[in-house]
Every structure is written in structure tokens, then in C-alpha cells.
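# Descriptive analysis of the structure
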Amino acid sequence: MSIKKNLLEIESSRLELIEKSINSSSNFLRLSLYHNYFEKVLSLNDTNIQEAFLAEFIEDYINCICKFEVWGVEPDSTKIIIEVLKRISQLKIVNNYSDEIKYEITRIEEQKEKLKLILDGNEFQSEKSAKAFFPLIDNEAPYEFYGIVDSITVKISKASDGDKFIIVPSETEIEKRIAEQCTQSWLLALTLLKRYVKAPYKFHEVIICFDRKMGFYEGNSLGIALTLSFLQSLLNFYNPSYLINIKSQSAFTGGVLKSGEVLCTSEEIIKRKVAAVFFSEINTFVFPKCEETYAYFSLTQLKQKYPKRKLKLIPVEDINDVLNRRDVVDIKKQKFVVRSGKFIKKNWISAVATVLLAILFAYLFVMDFDDNPAILKAEGGVLYVKNKNGKVLWTKKVDIGQKDILNQKSLDLLFRLIDIDDDGNNEVLITNEIASDISINKSRWELNCYNKNNQKVWSFYFADSVSSEREILEPYYSISLIDTLNFSNQKSLFLISTNSASFSSAIYRIDLKTGQRLPGTLWCSGHTYEALIKDLNYDGKKDILAIGVDNGFEQQVVFAYTIDTLTKVRPSIDEYLINNFPIADFISYIRLTKTDYSKYINLRIPGIKIGSLTDDTSEKVYRFIIQTDFDTNKYFIWIKLNYNLKDIDFIVDNQFRILRDSLVAKGKLNSPYTDTKEYKEILKNNILYWKDGKWVKASDI
């Protein structure tokens, strides 16, 4: 290509860059535009051309670099930014900026290394103050720049003639975009304030500062963060008996109405926000429950590349769901001396008082007498029981794998915090504790209940002996937790036990206060993975929806039944059917299709991903993940089961699609290709439903 043609192309790119960068307020977009342009110029390896076509942009480019942070950005994109910046640093035209560029390279690389450690599962105590963080999407930015995580600082003072909001940055357009949400959040915060302050002032002046000052705030999705910031600042201003502190490294999204209802955003936005938070220092993300499926889907996709990243997702329906979570918001009664100290400091500032209060605050900061368990965290085979401030109260050795540690829903199956006697103190339920006494039968799991002082309240193990035509099933059972329910005038805990040595499993209940077995058991001829309790058919009675496998049919199954006090069995083939109990009545019992790929690799019984069962109230479907391969972490399909417990849809994972399509292309599996309507119809048409004592297709129901 001639030099003249090169120069004409670069000049055209230069004019395009000027036009797009002038009209954009997005730092991400401008940075991306500069990199694309710079790479074209640098590729010519001509010093004169480089100086002629780059000099005018260097100052603004460095300003963009100074504003750039790695948080919310795909690491591969950050790597490219660093590489281009290093090449620019070698040019003579940036000699005046050499120290600044060296500093920025070091800063970005340090952030990039910290993000890498976070993605590898390491945890850091954030240096940032505990504020309400929220993900912010830059709609102009390229997709790999998912967004930023911003925070809000609120200052409140008394006003005399009406509420006044001052927003920083103060562009008129920004104020118009968020004015309605500010009003809704403020009214909600005032309503919540009345729980703690009887007679607040009539009017307030409120300064709202967006700490990153990015300038593209819009919509209502910062409603939760605004409401919490308002309430926290109001309580600090009035200094009542109770204060609210937002836990560090927590982020929030979702608009709120003055009634407290949390509003949805959209599928695309929540997926990008999960990604923005995923590539940040945040470890807890609160979002609208109506978008739970999309959020967990996005998290699952991201974890395929970064499986060790620890990010807890918390879906909520209203503001009280947020305030009731002690792992997100700490509502704490102030000690009298602390409250008095704040009053003195606010109203009578003197050197003596300041010194005395500093000593007092330091003492109170060090001392933490709260002994109520509020947080459970598993790491390295140890369960840490902590109070709401993160102080370790006591520990237990537990049998848990790394993949379970990274999945909060899997952890909830193994241990739980529950106040069993309504005394305000949580007990700790642990299903997989490693016994210190070597004489204890290691093939038998126990469910242990401990009080706040690490004293055992009760212990339970499942020891039922049953048989089938093929074998006597020895009582070697694990235990997992479902949920609690007041049933037959007893506070019951529903459990699942699966046979460690064979195929049987059972769903049953025990007395939550005593750990004693209660009547009502469903036996299954295959392992049950997890379940939920809900009124499935709207008849006023609580039901159980469960997912698992059946060894007789060699298929994944989903089934639902009404809770009662009978002992019964789930149907299977004669060889595997549990003996001596009647067949249960089912609201629904479904055998899912085994894929042709599973048959091709001779996988006898495909499994189900533990911790994947969710109730999507917005779309009115139940979702879970079925596995198709021996590798339980790859090649899966999402199942969407309609609330009618009949209609099923399949969402094919990319890795499974690529794998199966390659086998179709090689002629080893029959067409159609995987992520097609035709293939999904094959899967649907082979689903079987239990009706009137026999198996039928959907068309026969």
C-alpha cells in the first residue's frame, strides 16, 4: 500500500475520531477510539507520521488514562490498554508527560494484579469506606467495558422552607434524569426513619454526591442505593438509639417506589451489571428478585472463565428484604456512652471532649461483645461462625469441596442460621461436620444444631432401613437442608437424605426445636439434589418441588407433591421400586429426556447441578441445570419449567452447543444442530409425564 494511501486513510480516521470523541462524554468510548486510532498510526512505524498524527490527541488521551480504572472491565481489554500506553510512552512527543505515564502504568498494573487475585478467589478488605455502591452502565462504551461501580455520599442538614436537593455533579440534565427517583427514595427513607425517630424536622437540605462524578447517571436503578444512603445519613444526623451501617464491598441495583417495592431493570442491563460487579472489588450484589434468573445465568457464564471468583448474589423484592439482611445492612443499637459522645461532639466541641471521645471510640472499636451468630463462611475445610461485625465466634471442621464453597446456594444446603426458639439468638445447623471422635461411624452424616455458645442443642442422623427388589439398602445417608415450615402445629425442618452407598433418597421432616423425627416421608429410587417449599397449585396447602434422578429410568426427574404425614414412594421400575410403601400422589412427576450426546458417551445417569434450582417469579418458571457429561462443570442445559408444571423449555449452554455441533459435523451424532428449534423439539417430545398410574407424552395430558 502506498504512503499516500496510508496517509489518506489515517486522515479519514483522524477526522472520524475528532467527530466521535467531541460528541461523547464516555471516558470508556473515548479511550477505545484513541486506541483504535493509535494502533493504526503506530503500525506504520514512521516517527514523523506518528508525531504528526498523534500530538494533538496526547493530552486528552492521558486525561482519559488518568480516569480509567480496571474495575468493571474485561481483563483482556485492560491488557490492551496497558500495551498501547507503553508503546505511546516510547514516543518523543510524550517526553513532557513521561512521569505521569509511568505512574499511570504502575497504577493500572497494580489494579489489574489485584483484580486477578480477586478473580482467583482471594478476598481483600476494601480500603473504601462502607457506602452504598452501585454498578453504573455506560451505554456509549464498547461491550467489554461493562461499567463502573460508583458510590454515593449524602450530607443532611436542617432546612426552613422546603426540602432541597443539591446533586454533585450538578448538570441540569443529570438532575432531571434522577429527580423522580430521588423523590421516591427520599419519601421512603423518611417513612423508614419514623421507626427510629419520632419527630424529625419538617424540611431538610440534602447534598447528594456521586463520588466518581462520571456524568452519565440516568433512570431509577440506583433507587436502593439512594434509599439506604438517605436512611443511613438521616440516622447519623438525628443520632437515635439505632443506627444503620451498610456492609463494605456491597453493591445494589434496582429502583424503588415510596412503598418500598423494588423495580426491575431489564435482562440486558442486569447481565451487564452483574459483569461490572464481577470484575470489581464487590463481594455482595443486591438486585431485584424478578431478575434472579438473568443474574445467575450471567454469573454462571462468567464463572466458566473465572470459576474461583467469590460473588454472592442476593435477590430482593422490597426494601425490607434488604434491611433484614445482616450480611448487607447492620442495624445496631448504640451504646448509651457512644450516643452521648456523639451528641456532645456535635453540640459542644472542645479539645478535652475530643480527646476523651477519641479514647472512648477507640475502646469501643476494639471491644466487640456481640456473640449472636450472623454470618457463616466456609474456607479450607473450616466453617467460620461470625457475628454481624465479622468477628469469628467459633469454628467447625466440615467436609466440603471447593466448588461448593464458591456456590452460596450449595452452602445453604449444608449449613444454615436459624433461630429455632424465637429468642432472638441464632442457632447454627451443620450437616457435614467432621467428627473429632474416630470411633464415630464416618459413613453416617449427622445434622448438628449448636447454640451461640458452640454448645450442641441436638443431633440427628437418618437411619431408616428399606429395600428394593434388587438389594437391601444400608442406612448410610448424607443430609441436606430444604427449609422450615410450620406444619401440623409444629415448627418443622424439611430435609433430604441420599444414600452414600446406593441409589435411595428420602424427603422428610424433623422438629426444629428438638431434632426429633416427625411423620411424613417420601422415598425415591434415585438421589434427590434439592427442593423448595411452596403452594404450587394454589390450593392453600404447602407442597414440595424437587429435582433429582431415577436409577430405574436412568433419567433426570422433577416432581411435586403435597406435604402430609404419610410414608410413601415415588414410582420406578420394579427392580428399583422401594418396597412396602404405597405409591404417592403427585401434583407432577416428569422424566426429562436423556440427550443423544449422553448416550453417545455411555453416561448412564446424567446429573443435575446442585444449587441451580431457582423460582423465577417474574417469568413464572422454575429453573435448574441438567448435566450431559461426566464432567459436572461443563456441557449443561438450563431447564425452564412453567408454573403449570407441564410446559418445559431448554436453554442450551454454549460449551454444550459447540461440543455437540462438532460431533454432528463429523457425522457421529445425527442432525439437527444443537441450539435450534428442531433439536429442542426432539428434547421436548421425549419428555414423559406421570398420569393416572402410567407414563404419557405432553400431548396426552
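Residues numbered from 1 in each chain as written. Predicted model: local features only at pLDDT ≥ 70, side-chain atom pairs only at ≥ 80, totals over all residues. Heavy atoms only, no water.

## Re the pattern of salt bridges
Scanning the entire structure with this criterion turns up 34 salt bridges. Close ionic contact of Asp-564 with Lys-568 constitutes a salt bridge, the shortest N to O distance being 2.5 Å. Judged by its relative accessible area of 25%, Asp-564 is partly exposed. Between Arg-623 and Glu-619 there is a salt bridge, with the nearest N and O atoms lying 2.4 Å from each other. By relative accessible area, Arg-623 is classed as buried at 4%. In this structure Glu-619 comes out as partly exposed when scored by relative accessible area, which is 29%. Overlapping salt bridges bring together Asp-616, Glu-619, Arg-623 and Lys-640 as one network. (Salt bridge = Lys/Arg side-chain N within 4 Å of Asp/Glu carboxyl O. Buried < 20%, exposed > 50% of the residue type's maximum accessible area, 1.4 Å probe, protein only.)

## Some thoughts on the nonpolar core
Judged by nonpolar contacts, the single largest core of 106 residues is most densely connected at Phe-38, Tyr-61, Ile-88, Phe-252 and Val-322. Top contributing element to this core by residue count: helix α8 (residues 223-238), with 10 residues. Not counting residues up to four positions away in its chain, the partners in contact with Val-322 are Ile-224, Leu-228, Phe-252, Val-286, Val-316, Val-328 and Val-329. Membership of the second largest hydrophobic core comes to 34 residues, among which are Ala-560, Leu-613, Phe-624 and Tyr-689. (Core = buried A, V, L, I, M, F, W, Y, C linked by side-chain atoms within 4.5 Å. Helix = DSSP H or I, 4+ residues; strand = E, 2+ residues; numbered from the N terminus. Contact = heavy atoms within 4.5 Å.)

## Describing the pairing of strand β11 (residues 382-386)
Summarising burial for β11: 4 of the 5 residues are buried, a large majority. When β11 meets strand β12 (residues 392-397), the two strands line up antiparallel, connected through 5 bridges. Each residue of the ladder has a partner; that of Val-385, found in β12, is Trp-394. Connecting the antiparallel pair β11 and β12 is a turn made up of 5 residues, with Gly-390 showing a positive phi of about 90°. (Pairing = 2+ DSSP bridges.)

## Quick notes on the packing of aromatic side chains
Applying the stated criterion across every chain yields a total of 39 aromatic pairs. Look at Phe-165 and Phe-230: their rings are 6.4 Å apart centre to centre, the planes differ by 45°, and that puts the pair in the tilted class. Of this pair, Phe-165 sits in strand β3 (residues 164-168) while Phe-230 sits in helix α8; the two residues are 65 residues apart in sequence, bridging distant segments of the chain. By relative accessible area, which is 0% here, Phe-230 ends up buried. Put simply, the rings of Phe-553, Phe-559, Tyr-561, Phe-586, Tyr-589, Trp-690 and Trp-695 touch in pairs and so form one group of aromatic residues. When the ring centre of Tyr-508 is taken as origin, the NZ or CZ atom of Arg-517, which lies over that ring, is 4.8 Å away. (Phe/Tyr/Trp six-rings, centres within 6.5 Å; stacked < 30°, edge-to-face > 60°. Lys NZ or Arg CZ within 6 Å of the ring centre and 35° of its normal.)

## Here we look at the sheet that holds strand β22 (residues 517-524)
Overall, mixed pairing links the 5 strands, which are arranged β19-β20-β21-β22-β26 in an open sheet. If you trace the sheet from one side to the other, it starts and ends with β19 (477-487) and β26 (567-569), each paired once. Looking at each pair of strands side by side, their axes are set apart by 15° on average, direction ignored. In this structure, strand β21 (residues 505-511) lies alongside β22, joined through 6 bridges in antiparallel fashion. Note on β22: the bridge partner recorded for Ile-507 is Leu-522. (Axes fitted to C-alpha atoms, helices over the stretch in contact; angles between N-to-C directions.)

## Thoughts on the state of the cysteines
By the definition in use, this model includes 1 disulfide. Across the disulfide, Cys-264 is cross-linked to Cys-290 (sulfur-sulfur distance 1.7 Å). Residue Cys-264 is located in the loop between β6 (250-252) and α9 (267-278), and its partner Cys-290 is located in the loop between β7 (284-288) and α10 (292-305); the two are separated by 26 residues in the primary sequence. Using a relative accessible area of 15% as the deciding quantity, one classes Cys-290 as buried. Cys-66 takes part in no disulfide bond, and the closest cysteine sulfur to it belongs to Cys-64, at a distance of 9.2 Å. Residue class for Cys-66 comes out partly exposed when judged on its relative accessible area of 31%. (Disulfide = S-S within 2.5 Å.)

## Focus on the confidence of the model for the chain
Model confidence for the chain is summarised by a mean pLDDT of 86, while 89% of its residues fall at 70 or above. Scored below 50 in pLDDT, residues 437-443 shows 5 contacts in the model against residues more than four places distant or in partner chains. (pLDDT = per-residue confidence, 0-100.)

## Some points on the environment of Ile-639
Structurally, Ile-639 can be placed in strand β30 (residues 636-642). On the basis of relative accessibility, which here comes to 1%, the residue Ile-639 falls in the buried class. Counting along the chain gives 27 residues from Ile-639 to Ser-612, while the straight-line C-alpha distance between them is 10.0 Å. Ignoring any residue separated from it by four or fewer positions in sequence, one finds Ile-639 in contact with Leu-592, Tyr-622, Arg-623, Phe-624, Ile-626, Ile-648, Asp-649 and Phe-650.

## So, the sheet that holds strand β31 (residues 648-652)
Within a sheet, each strand pairs with its neighbour through backbone hydrogen bonds, oriented either parallel or antiparallel. Overall, antiparallel pairing links the 4 strands, which are arranged β28-β29-β30-β31 in an open sheet. Here the strands that pair on one side only, and so sit at the sheet edges, are β28 (614-616) and β31. With strand direction ignored, the average angle separating the axes of adjacent strands in the sheet is 30°. One ladder, built from 5 bridges, connects β30 with β31; its direction is antiparallel. Bridging from a neighbouring strand, Lys-640 pairs with Asp-649 of β31. Against the sheet, α10 contacts β28, β29 (621-627), β30 and β31, and its axis sits at roughly 175° relative to β30.

## Considerations on the side chain of Asn-451
Structurally, the position occupied by Asn-451 is in the loop between β15 (447-450) and β16 (456-460). From its side chain, Asn-451 meets the backbone nitrogen of Asn-453 in a polar contact 2.9 Å long. With residues near it in sequence (within four places) discarded, Asn-451 still touches Trp-394, Glu-427 and Val-457. (Polar contact = N/O pair within 3.5 Å; in protein donor to acceptor, adjacent residues only side chain to side chain.)

## Considering unusual backbone geometry
Of note, the bond from Ser-671 into Pro-672 is cis; its omega dihedral lies within 30 degrees of zero at 15°. As for its position among the elements, Pro-672 is in the loop between α17 (654-665) and α18 (677-685). Unlike most non-glycine residues, Asn-454 shows phi in positive territory, near 70°. You can see Asn-454 is positioned in the loop between β15 and β16. Residue classification places Asn-454 among the partly exposed positions, given a relative accessible area of 29%. A positive phi angle is found at Asn-580, which is not glycine, with a value near 75°. Tracing the backbone shows Asn-580 in the loop between β26 and β27 (588-591).

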